[in-house]
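Take a look at the letters that make up each chain.
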Amino acid sequence: RWSGRPGCRCTPPKVTPNVATKDFYQVLGVTEGATPDEIKKAYRKLAKQHHPDANPGNPKAADQFKQIAEAHGVLSDPEKRKKYDREFREGAVRIVEETKKPIAQVARDLGVNETTLGNWVKLARESRDGSSSLSVDDYAELQRLRGEVAELRMERDVLKRSVVLWVKEATK
């Protein structure tokens, strides 16, 4: 157990923020474009409804209250909100791409609108492919160059193997 005292050899508890696992906008029931006043109003309404004092003996209400407070803490601070938006989007897109799960399933798991997540994935793919800001000719040239790079990499790998085999033969 960590006591927090200087010299304590115990490890402090790990605090893992819910940045990539909860949609704070959905927790508060507001849209991404919500104003600070709308966020404050939603927070006050939900906090009053789920406050542990208003729901004695209900651990679920206490957990909901903690989530509501955490969401308000992030979304009410402009810098934290900007960082949260960026990290949440990147994390959600990364989950879709790395797990190969359907967008609908990931959206359900994260509590995000399926269309919104689909748009995030589409934008990420476009920016990665370079198709969002390139002309048709530039995009065709980019694809041609990527093909050349792939061929060169294959040739490099073949040459590496050849050199390894040559060295093995020479050292026998």
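Above this text is the structure in question.
Residues numbered from 1 in each chain as written. Predicted model: local features only at pLDDT ≥ 70, side-chain atom pairs only at ≥ 80, totals over all residues. Heavy atoms only, no water.

Participant: Just to check I follow, could you spell out the overall build of the protein chain for this structure?
Facilitator: When helices and strands are counted, the protein chain shows seven helices and zero strands. In the protein chain, the succession of helices and strands from N to C terminus is α-α-α-α-α-α-α. Residue pairs in contact within the protein chain that sit at least 24 positions apart in sequence constitute 49% of those at least 6 positions apart. A total accessible area of about 13000 Å² is found for the protein chain, and carbon and sulfur atoms account for 54% of it. (Helix = DSSP H or I, 4+ residues; strand = E, 2+ residues; numbered from the N terminus. Contact = heavy atoms within 4.5 Å. Areas by Shrake-Rupley, 256 points an atom, 1.4 Å probe, with all protein chains shown as cover.)

Participant: Is there a simple way to explain the side chain of D23 in this structure?
Facilitator: Along the chain, the position of D23 falls in the segment before α1 (24-28). Once residues within four sequence positions are removed from consideration, D23 is found in contact with Y84, F88, L110, G111 and V112.

Participant: What am I meant to see in the nonpolar core here?
Facilitator: Generally speaking, nonpolar side chains in soluble globular proteins are found buried as a group. Among the nonpolar cores identified, the biggest contains 25 residues, and L28, V30, L75, Y84, L117 and W120 are the most heavily contacted of them. Looking at this core, the elements with two or more residues in it are α1, α2 (36-50), α3 (59-75), α4 (78-99), α5 (103-110) and α6 (114-129). Of all the elements, α4 adds the most residues to this core, at five residues. Residues within four places of L117 in sequence aside, it is in contact with A92, V93, V96, I103, V106, A107 and V112. (Core = buried A, V, L, I, M, F, W, Y, C linked by side-chain atoms within 4.5 Å. Buried < 20%, exposed > 50% of the residue type's maximum accessible area, 1.4 Å probe, protein only.)

Participant: Is there a simple way to think about a nonpolar patch on the surface in this case?
Facilitator: A cluster of nonpolar side chains, V163, W166 and V167, forms an exposed patch at the surface whose accessible area comes to about 330 Å². Summarising the element assignment, V167 is placed in helix α7 (residues 136-170). (Patch = residues over 30% accessible without salt bridge, like charges linked within 9 Å, V, L, I, M, F, W, Y side chains within 5 Å. Salt bridge = Lys/Arg side-chain N within 4 Å of Asp/Glu carboxyl O.)

Participant: Got a minute to help me understand the packing of α5 against α6 in this structure?
Facilitator: Angle between the axes and distance between the axes: these two values describe a pair of packed helices. Contact pair α5 / α6: the axes reach a minimum separation of 9 Å and the direction vectors enclose 115 degrees. When the axes of α5 and α6 are compared, the crossing they make is right-handed. Judged by residue contacts, I103, A104, V106 and A107 of α5 engage E114, L117, G118 and V121 from α6. For the contact of α5 with α6, the class distribution of residues is six nonpolar, one polar and one charged. (Axes fitted to C-alpha atoms, helices over the stretch in contact; angles between N-to-C directions. Left-handed = near helix turned anticlockwise from the far one by under 90°. Nonpolar A, V, L, I, M, F, W, Y, C, P; charged D, E, K, R; others polar.)

Participant: Looking at this structure, I do not really get the packing of aromatic side chains. What am I missing?
Facilitator: The relative placement of two aromatic rings is captured by the distance of their centres and the angle of their planes. Within this structure, the stated rule accounts for four aromatic pairs. Arranged with centres 6.1 Å apart and planes meeting at 50 degrees, the rings of Y25 and Y84 form a pair that is tilted. Of this pair, Y25 sits in helix α1 while Y84 sits in helix α4; the two residues are 59 residues apart in sequence, bridging distant segments of the chain. Each member of the pair, Y25 as well as Y84, is classed as buried. An aromatic cluster is present here, built from F24, Y25, Y84, F88 and W120 joined pairwise through their rings. (Phe/Tyr/Trp six-rings, centres within 6.5 Å; stacked < 30°, edge-to-face > 60°.)

Participant: Just to check I follow, could you spell out the environment of I39 for this structure?
Facilitator: Position of I39 among the secondary structure elements: in helix α2. Taking the C-alpha atoms as reference points, I39 and H72, separated by 33 residues in sequence, lie 7.2 Å from one another.

Participant: Where do I start with the pattern of salt bridges in this structure?
Facilitator: If charged atoms from side chains of opposite charge come close, those side chains can pair. Counting across every chain of the model gives seven salt bridges. Here D157 and R156 are joined by a salt bridge, their closest N and O atoms 3.4 Å apart. The partly exposed category is assigned to R156, whose relative accessible area is 42%. E169 is the partner of K172 in a salt bridge, and the nearest nitrogen-oxygen pair spans 3.5 Å. Residue K172 is classed as exposed on the basis of its relative accessible area of 78%. Looking at E169, the relative accessible area reads 55%, which means it is exposed. Sharing partners across several salt bridges, the network here consists of E141, R144 and E148.

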